[in-house]
Amino acid sequence: MGRRQVLKIPGVTHGKAPIPLAVKIGNMVYSSAVMGKDPATNALPEDPAMEIEWLFRHVRTLMEAAGGTTGDIIKMNVLLKDESLREKINEEWVAMFPDENDRPARHITVADLHGGARAQIELVAVLE
């Protein structure tokens, strides 16, 4: 086994794409596109709000799998299919990072997302 640790979310995959959801090497964690799939079905929920709730749950799960917490995240890139989803993203963001003086950097891009996703997150974390 190499030094690369592949991080998984039980029940959630990139489908047929041969890529992990996240990778840890040493104290660094990088994710690919994390989606808000329901782990019971590996499918995106019909409700956009539920998709975003799952998305933030998956961020927590990945950080726990890495041996860290969301407090170790230093940067998040958020991709949205539609600008109207920004309010729900901000709601989940503030719930995850309630202290305005202790939040990671963040950038939001509106883009045409693959596979019907309405929101995705890519993150970088440094574990303490």
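Here we summarise the structure given alongside this text. (Residues numbered from 1 in each chain as written. Predicted model: local features only at pLDDT ≥ 70, side-chain atom pairs only at ≥ 80, totals over all residues. Heavy atoms only, no water.)

1. Overview of the packing of helix H1 (residues 48-65) against helix H2 (residues 86-96)
A pair of packed helices is characterised by two quantities: the angle between their axes and the separation of those axes.
Here's step 1: Put simply, H1 and H2 touch, their axes get as near as 10 Å, and they point 30 degrees apart. One element, H1, and the other, H2, form an angle in the roughly parallel class. H1 and H2 meet at a crossing whose hand is right-handed. For the pair formed by H1 and H2, the contact residues are Ala 49, Ile 52, Glu 53, Leu 55, Phe 56, Val 59 and Arg 60 on the first element and Lys 88, Ile 89, Glu 92, Trp 93, Ala 95 and Met 96 on the second. (Axes fitted to C-alpha atoms, helices over the stretch in contact; angles between N-to-C directions. Helix = DSSP H or I, 4+ residues; strand = E, 2+ residues; numbered from the N terminus. Parallel < 35°, antiparallel > 145°, perpendicular 65-115°, else oblique. Left-handed = near helix turned anticlockwise from the far one by under 90°. Contact = heavy atoms within 4.5 Å.)

2. Digging into the packing of aromatic side chains
Here's step 1: With the rule as written, the count across this model stands at one aromatic pair.
Here's step 2: Lying across the ring of Trp 54, Arg 57 places its NZ or CZ 4.4 Å from the centre.
Here's step 3: Here Arg 106 stacks its cationic end above the ring of Trp 93, 4.7 Å away from the centre of that ring. (Phe/Tyr/Trp six-rings, centres within 6.5 Å; stacked < 30°, edge-to-face > 60°. Lys NZ or Arg CZ within 6 Å of the ring centre and 35° of its normal.)

3. Remarks on the pairing of strand S2 (residues 22-25)
Here's step 1: Sheet topology places strand S1 (residues 5-7) next to S2; three bridges connect them, and they run antiparallel. The partner of Gln 5 across the bridge, within S2, is Lys 24.
Here's step 2: Both S2 and strand S3 (residues 28-31) contribute to a ladder of four bridges, which runs antiparallel. If you follow Ala 22 over to S3, its bridge partner there is Ser 31.
Here's step 3: Between S2 and the antiparallel strand that follows it, S3, lie two residues; Gly 26 among them carries a positive phi value of about 60 degrees. (Pairing = 2+ DSSP bridges.)

4. Details of the layout of surface pockets
Here's step 1: Space inside the largest pocket adds up to approximately 180 Å³.
Here's step 2: Every residue along the wall of the largest pocket is listed here: His 14, Ala 17, Ile 19, Ala 33, Met 35, Lys 37, Leu 44, His 114, Gly 115, Ala 117 and Gln 120. (1 Å grid on protein atoms, 1.4 Å probe; cavity = no way out; pocket = protein on both sides within 12 Å on 5 of 7 lines; lining within 4 Å. Points joined across faces, edges and corners; volume = space filled by probe spheres on them.)

5. Quick notes on H2
Three- or four-residue spacings in an α-helix give side chains the same orientation, since the helix completes a turn every 3.6 residues.
Here's step 1: What H2 keeps buried is the set Lys 88, Ile 89, Glu 92, Trp 93 and Met 96. Taken around the axis of H2, the buried residues stretch over an arc of 140 degrees, which confines them to a single face. The outward face of H2, more than 90 degrees from its buried face, is lined by the exposed residues Glu 87 and Ala 95.
Here's step 2: Buried residues belonging to H2 abut H1, strand S5 (73-80), strand S6 (105-110) and strand S7 (119-126). (Buried < 20%, exposed > 50% of the residue type's maximum accessible area, 1.4 Å probe, protein only. Arc of directions from axis to C-beta.)

6. Re the side chain of Arg 118
Here's step 1: One can find Arg 118 in the loop between S6 and S7.
Here's step 2: There is a polar contact of 2.9 Å between the side chain of Arg 118 and the backbone oxygen of Glu 46. (Polar contact = N/O pair within 3.5 Å; in protein donor to acceptor, adjacent residues only side chain to side chain.)

7. Remarks on the pattern of salt bridges
Here's step 1: In the structure shown here, the tally under the stated rule is seven salt bridges.
Here's step 2: Residue Glu 92 pairs with Lys 88 through a salt bridge whose shortest N-O separation is 3.1 Å. Separated by four residues within a single helix, Glu 92 and Lys 88 lie in helix H2, roughly one turn from each other. In this pair, the class of Glu 92 matches that of Lys 88, namely buried.
Here's step 3: Through salt bridges that share partners, Glu 53, Arg 57, Lys 88, Glu 91 and Glu 92 make up one connected network. (Salt bridge = Lys/Arg side-chain N within 4 Å of Asp/Glu carboxyl O.)

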